[in-house]
Amino acid sequence: EAQVTQNPRYLITVTGKKLTVTCSQNMNHEYMSWYRQDPGLGLRQIYYSMNVEVTDKGDVPEGYKVSRKEKRNFPLILESPSPNQTSLYFCASTQTGGYGNEQFFGPGTRLTVL
Amino acid sequence: AQKITQTQPGMFVQEKEAVTLDCTYDTSDQSYGLFWYKQPSSGEMIFLIYQGSYDEQNATEGRYSLNFQKARKSANLVISASQLGDSAMYFCAMREFRTGANSKLTFGKGITLSVRP
């Protein structure tokens, strides 16, 4: 089954404790992206990657890091989480080229930073 | 200016009736794509329908259709024969030519739809 997986699905942590949210896709997609969803703001892009070792900032990259060492994996790293990073996070992937390519979303990770 | 505007705060519809969810967009690109996603209370994002800027016909997918009015820059989602399972948040999103290799989707704030039995 074609899918994007994320782990963990839920996480409660404290300010300053480094954490990583994993993302993996099994569709051999070149493009992957991270979004955060906040009430009243919709989804906003954090970082994206066009292929292995190629990453770039999205609209709200502050406080986040990413890496793309393998095509299928695109982890999101919060080196020193703060309460304003409490949010619902989505990883997404799509085939490159063409505006109609569906973006496949992971199930989401609900993060609470105390 | 917001690129995607969804102003309806919350919508209610009777089961089996049709409902229209509004979306207006703002872009100067000639090439772009418009998407609708459904987010049920469980949180996942479910792709519903896509409309390309050069598509002459409105997109349809089962009970979903997209009323695309290019000159007015609107891309309203029409759900026919509403079902209880349609109760969810609905997001309109746009992919613009200007983002280049970044296949970024720009999302609206979403609309909550509640289907009444």
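Residues numbered from 1 in each chain as written. Chains lettered and ligands numbered in written order. Predicted model: local features only at pLDDT ≥ 70, side-chain atom pairs only at ≥ 80, totals over all residues. Heavy atoms only, no water.

**Comments concerning the environment of B:Asp22**
All names here are of chain B.
Logical step 1: Among the structural elements, Asp22 can be located in the loop between strand E3 (19–21) and strand E4 (24–25).
Logical step 2: What makes Asp22 partly exposed here is its relative accessible area of 31%.
Logical step 3: Each C-alpha atom of the pair Asp22 and Thr5 lies 8.3 Å from the other, and the pair is 17 residues apart in sequence.
Logical step 4: Each residue touching Asp22, except ones within four places of it in the same chain, is listed here: Thr5, Gln6, Gln8, Trp36, Asn76 and Ile111. (Helix = DSSP H or I, 4+ residues; strand = E, 2+ residues; numbered from the N terminus. Buried < 20%, exposed > 50% of the residue type's maximum accessible area, 1.4 Å probe, protein only. Contact = heavy atoms within 4.5 Å.)

**Comments concerning the packing of aromatic side chains**
Logical step 1: In this structure the tally under the stated criterion is 13 aromatic pairs over all chains.
Logical step 2: On the numbers, 5.9 Å between centres and 65° between planes, the contact of A:Tyr64 with A:Tyr89 is edge-to-face. Of the two residues, A:Tyr64 is situated in the loop between strand E6 (54–57) and strand E7 (65–66) and A:Tyr89 in strand E9 (residues 87–94); the sequence distance between them amounts to 25 residues.
Logical step 3: Centre to centre, the rings of B:Tyr25 and B:Tyr32 are 5.2 Å apart; their planes meet at 55°, and the pair counts as tilted. A single burial state applies to B:Tyr25 and to B:Tyr32, both of which are buried.
Logical step 4: An aromatic cluster of at least three residues, connected via ring pairs, comprises A:Tyr35, A:Phe90, A:Phe105, B:Phe35, B:Tyr37, B:Phe47, B:Tyr50, B:Phe91 and B:Phe107.
Logical step 5: Above the plane of the ring of A:Phe74 lies A:Arg68, whose end atom (NZ or CZ) is 6.0 Å from the centre. (Phe/Tyr/Trp six-rings, centres within 6.5 Å; stacked < 30°, edge-to-face > 60°. Lys NZ or Arg CZ within 6 Å of the ring centre and 35° of its normal.)

**Quick word on the pattern of salt bridges**
Logical step 1: A complete count under the given rule lists eight salt bridges over all chains for this structure.
Logical step 2: A salt bridge links A:Lys65 to A:Glu79; its shortest N-O distance comes to 2.9 Å. Within this pair, whereas A:Lys65 is found in strand E7, its partner A:Glu79 is found in the loop between strand E8 (76–78) and E9, the two being separated by 14 residues in sequence.
Logical step 3: The structure contains a network of salt bridges with shared partners spanning B:Lys3, B:Asp29, B:Glu96 and B:Arg98. (Salt bridge = Lys/Arg side-chain N within 4 Å of Asp/Glu carboxyl O.)

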